[in-house]
2 protein chains.
Amino acid sequence: MDGRLARGEETRRATLARAVDIATVDGLEGLTVGRLAGELGFSKSGVFAHFGSKEELQLATVEFATQVFIDQVVRPGLRAPRGVPRLMALFELWMRFSRERVFPGGCFFSAVSAEFDARDGRVRDLVVARNRQWAGLLVAVAADAVADGQLPADTDVDQLVFEVNALGRAANEESLTTRDDTPYTRAETGVRHRLGV
Amino acid sequence: MDGRLARGEETRRATLARAVDIATVDGLEGLTVGRLAGELGFSKSGVFAHFGSKEELQLATVEFATQVFIDQVVRPGLRAPRGVPRLMALFELWMRFSRERVFPGGCFFSAVSAEFDARDGRVRDLVVARNRQWAGLLVAVAADAVADGQLPADTDVDQLVFEVNALGRAANEESLTTRDDTPYTRAETGVRHRLGV
DNA sequence: GAACTATTTGACCGAACGTTCGTATAAAAA
DNA sequence: TTTTTATACGAACGTTCGGTCAAATAGTTC
């Protein structure tokens, strides 16, 4: 075990990186094996062999996006002081993640959960679970803020997190339709107002 | 010209009604001519002939959904007294429209704008235009509320409408993932808080 | 260098895709 | 009644879909 990736693992990683990019723009259904292979310069069967089925490719893509989100948003956000500062850090890192177009279609989970919201199956279940994890994290951080007296004792943290999430998602989506940055300003204004900072 | 629809217009209407249902669940790309024909008991070419291309079918589907939205949300909402009551009526009718699953996948425009947000083309342009019209309507109604002194004179109506829209969309999307009604309660709580009612 | 395993390829499958075409049928117009 | 027009059909087009498989290529181990 040296530091380098095994040969197959390397192409798998490159494949998923491209898959995430495609999925944020054209959805996890618009993500096709043939297109993926074409853009990567691989053969269709070569790409396919790494996953075994389209559904497994979709699931792996979701998990890959999850890791990127954890690396770029969750982990650095958790380094901020607990309570309101941590909540604000998580929100701002999320918005930066969307605004800087780490993925060309903005936030992966906004795009994909809207796509699979009304369906059934393993992909939907995974996306819903990841969304729940994110909301759960925000609720825990908000609860800390209440416990520490940074937010009023009667704060409804579920309501607060619902609103924070709503503003963040709306900023992501509206920035894609309007093609400018003002929605991010609006979302931050709304969240700051809600947190009293 | 008697009251009845021409024969072709009738099937066109039935086709679009089904198309909207499909699109809210599987998107405007998941909407295929073959599937549409199968579910309606028509031939593929018979359905296709009404639209001439897939893109035209998608555009017609968006316009059909627009009409339903106008009939069920906009028109009755505008009958409420101007200002805050009208804004609240529009919001609540929108939420009822989503909650009662007039379309099986909830709000058509939430689903479809998320799908086409990051793309190019005529369908995206039309969806964006319809979203703008809706936001513009809300802004005008909110401006009335400010002018009538129902909202503070320094109210940022664009900010207000951004937040109302964010909460409404989040309620629609989250009710689809959680599969219960509590998101609608949260959205209404948030909006009422913002409007001071 | 041989043997073995991991990786990638290219040729192929049946099904579904959007689309075109010629034709049948039924209502409306002449 | 004849002619025209609107409407729907069935068969087929080329393409792409997800998926399979044996053969070739590369890397590693002996």
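Just so it is clear, the model here is predicted, and its values are computed rather than measured.

Peer 1: Just to check I follow, could you spell out the protein's contact with DNA strand C for this structure?
Peer 2: Around DNA strand C sit 17 residues, and of these Ser43(A), Ser45(A), His50(A), Thr32(B) and Lys54(B) come closest. Within 4 Å of the protein, the atoms of DNA strand C are drawn from sugar and phosphate moieties in a proportion of 58%. Thr32(B) places a polar side-chain atom, nitrogen or oxygen, 2.9 Å from a phosphate oxygen of DNA strand C. Grouping the constituent residues of the surface near DNA strand C by class yields five nonpolar, nine polar and three charged.

Peer 1: Mind showing me how you'd approach unusual backbone geometry here?
Peer 2: Apart from glycine, the bulk of residues carry a negative phi angle, and the bulk of peptide bonds sit in the trans form. Phi is positive for Arg179(A), which is not a glycine, with a value near 60°. Position of Arg179(A) among the secondary structure elements: in the loop between α8 (157–178) and α9 (182–195). In this structure, Arg101(B) takes a positive phi of about 55° despite not being glycine. According to the relative accessible area criterion, Arg101(B) is partly exposed, its value standing at 27%.

Peer 1: Is there a simple way to explain helix α6 (residues 108–116) of chain A in this structure?
Peer 2: Working note: α-helix, 3.6 residues per turn, so residues spaced by three or four point in the same direction. Of all the nine residues making up α6(A), nine are buried; the element is thus mostly covered by neighbouring parts of the structure. Of the residues making up α6(A), those classed as buried are Phe108(A), Phe109(A), Ser110(A), Ala111(A), Val112(A), Ser113(A), Ala114(A), Glu115(A) and Phe116(A).

Peer 1: What is the right way to read the UniProt feature "DNA-binding region" (unreviewed entry) in chain A from this model?
Peer 2: UniProt records the feature "DNA-binding region" (unreviewed entry) for residues 32–51 of chain A in the present numbering. For residues 32–51 of chain A, helix accounts for 70% and strand for 0%, while the C-alpha atoms at its two ends are 12 Å apart.

Peer 1: Would you mind showing me how to read the packing of aromatic side chains here?
Peer 2: For any pair of aromatic rings, the description consists of the separation of the ring centres together with the inter-plane angle of the planes. Residues and elements named next belong to chain B. Within this structure, the stated rule accounts for 16 aromatic pairs over all chains. Here the aromatic rings of Phe69 and Phe97 are separated by 5.4 Å at their centres, their planes lie at 85°, and the arrangement is edge-to-face. Placement of the pair is Phe69 in helix α4 (residues 54–78) and Phe97 in helix α5 (residues 84–99), with a sequence separation of 28 residues. Side by side, Phe69 and Phe97 carry an identical accessibility label, which is buried.

How each quantity is defined
- Counting starts from 1 at the beginning of each chain's written sequence and moves along it residue by residue.
- All chains are assigned letters beginning at A, and all ligands numbers beginning at 1, according to the order in which they are written.
- Since the coordinates come from a predicted model, pLDDT governs what is reported: local features require at least 70, and pairs of side-chain atoms require 80 or more to be given and counted, while whole-chain, interface and lining totals use all residues.
- Just so you know, side-chain values use all the structure's heavy atoms and leave hydrogens and water out.
- If a single non-hydrogen atom of a residue is within 4 Å of a molecule or strand, that residue counts as near it.
- As used in this structure description, the phrase polar contact means that two N or O atoms lie within 3.5 Å; if the pair is within protein, one of them must be able to donate a hydrogen and the other to accept it, and residues adjacent in sequence are counted only when both atoms belong to side chains.
- Basically, the charged four are Asp, Glu, Lys and Arg, the nonpolar ten are Ala, Val, Leu, Ile, Met, Phe, Trp, Tyr, Cys and Pro, and anything else, Gly included, counts as polar.
- Secondary structure elements are defined from DSSP: runs of H or I of at least 4 residues count as helices, runs of E of at least 2 residues count as strands, and each element is numbered from the N terminus.
- Categorising residues by exposure relies on relative accessible area from a 1.4 Å probe, with only protein chains included: less than 20% of the type maximum marks a residue as buried, more than 50% marks it as exposed, and the intermediate range marks it as partly exposed.
- UniProt positions are given in the numbering used here, feature names are shortened, and annotations may be inferred rather than shown by experiment.
- Each pair of aromatic rings taken from Phe, Tyr and Trp, with Trp reduced to its six-membered ring, is defined by centres within 6.5 Å and is described as stacked if the planes are under 30 degrees apart, edge-to-face if over 60, and tilted in the remaining cases.

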